[in-house]
Amino acid sequence: MIDWILAERIACFVAGTGDGYVATDDLAAIAAESETRVVAYTGLVPTRPLPQPEGVGRREWVSSNIDAMKLLLDPVLSRAGKSLGPLRPAMEIAVGLMLSSEVGVVLGYLTQRVPGQYELVMLDEAVEDRPPRLLFVLPNLAQAVRSFDAEEKEFMTWVTLHEVTHAVQFAGVPWLHPHVAGLVRELLRSAEVRLETPRKLRVPSADEVKQVLSHLRNGDLISIVTTTPERETLDRVQAVMAVIEGHAEHVMDAVAPDLLPSLPKLREALDRRRRSQSVLARLAGRLLGLDLKLRQYEQGKRFCDAVVRDAGTDALRTVFTSPETLPTIEELDDPSAWIARTL
């Protein structure tokens, strides 16, 4: 249903090209040093080589992510399309145009902002065909260096520490990728069932209207379009993603002080940037679900910081012992409860 060529063109138009690039001569050395420090601090030992860092432009980042999304979404949308019967041709045109435009706008908006990415196809069976990549979006890094008034190599090192931590997480925890992939499959299966189930038109009840308005006020748009079982799976996805992102945020600060004299300034500038987006950017982020990513950074980092403060770095390593030792969505806001349950 998705016209990926159209989606890519829209994304590239929204993203633009950006101004300026950062030097990449030291990127491989920075990534190697980051891996050594991250492994030493986290105790996670990769079972396979990490991907080599690649400096890319915005268009290449869009193209790479379009390819990853095709692997994820095409099978579901194809099977859903077969259930449309005689309406299929017309519906595919109408729905396809809407989905293609939405994917393009969301991806283009993201492309303007992401400095780096450990790109991993979420479905684990696709890894052999599409191995992970360690991408750094050079115009976005240059833009951030100017915005933060940062020293270029320091900022590159800081971002690299974050992305290399993700690479170490997935290469050093054998069950992590299959676990996340299993949760993604659950969501895709439930989405497929909903796409195939005809909906009866009816007037919503007063309670349903109140519930929708409540979700809108809280920026919880996902809850409006998901069922209770799906929300439970989403809670598990959000919890594991918050740990993955928060752990990387914690590690990039914990191993950086002797490397980055300006670390306090960088952290303050990054947090200020996340808080002080324009009204339009905040609205777009909320509508597109991007504010969820920021909450994951903050919530996950607070959890990891608290565990290390109260129980030490060895306790934080327990998080990645098994799926059962991951914190629940409730425990992310109550680290002491997680400590009591797992240690």
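Above this note sits the structure.
Computed from a predicted model, the values in this text were never measured in an experiment. (Residues numbered from 1 in each chain as written. Predicted model: local features only at pLDDT ≥ 70, side-chain atom pairs only at ≥ 80, totals over all residues. Heavy atoms only, no water.)

### Observations regarding the packing of aromatic side chains
Let me state the cut-off plainly: Think of it this way: a Phe, Tyr or Trp ring, Trp meaning its six-membered ring, pairs with another when their centres are within 6.5 Å, and the plane angle makes it stacked under 30 degrees, edge-to-face over 60, tilted otherwise. Each helix is a run of DSSP H or I of at least 4 residues and each strand a run of E of at least 2, with the numbering of both proceeding from the N terminus. Think of it in three bands: with a 1.4 Å probe and only protein chains considered, a residue is buried below 20% of the maximum accessible area for its type, exposed above 50%, and partly exposed in between. Sitting over a ring, as applied to charges here, requires NZ of Lys or CZ of Arg to be within 6 Å of the ring centre and within 35 degrees of the ring normal.
Inspection of the entire model under this criterion finds 4 aromatic pairs. For the ring pair Phe-303 and Trp-338, a centre distance of 5.4 Å and an interplane angle of 75° mean the geometry is edge-to-face. In this pair, Phe-303 is assigned in helix 12 (residues 290–311) and Trp-338 in helix 14 (residues 335–342), connecting sequence segments 35 residues apart. Residue Trp-338 is classed as buried on the basis of its relative accessible area, which comes to 0%. Feature note: the residues Phe-148, Phe-155 and Trp-158 constitute an aromatic cluster, connected by ring pairs. The ring of Tyr-109 has Arg-113 lying over it, and the distance from NZ or CZ to the ring centre is 3.8 Å.

### Focus on the sheet that holds strand 3 (residues 133–137)
The test is simple: At least two bridges found by DSSP between two strands is the condition for calling them paired. Only the stretch in contact is used when fitting a helix axis, every axis being a line fitted to C-alpha atoms; angles between N-to-C directions are given from 0 to 180 degrees.
Read from one edge of the open sheet, 3 strands run 1-3-2, paired in mixed fashion. Each end of this open sheet is capped by a strand with a single partner; those strands are strand 1 (53–56) and strand 2 (116–119). Neighbour to neighbour, the strand axes of the sheet diverge by 25° on average, direction disregarded. In terms of strand pairing, strand 2 meets strand 3 through 4 bridges, oriented antiparallel.

### Structural notes on the environment of Ile-66
Formally: Between two residues, a contact is recorded if the distance between any of their heavy atoms is within 4.5 Å.
Mapped onto the fold, Ile-66 is located in helix 3 (residues 58–82). Separated by 62 residues in sequence, Ile-66 and Trp-4 have C-alpha atoms that sit 7.1 Å apart. Look past the residues within four positions of Ile-66 in its chain and what remains in contact with it is Trp-4, Ala-7, Glu-8 and Leu-107.

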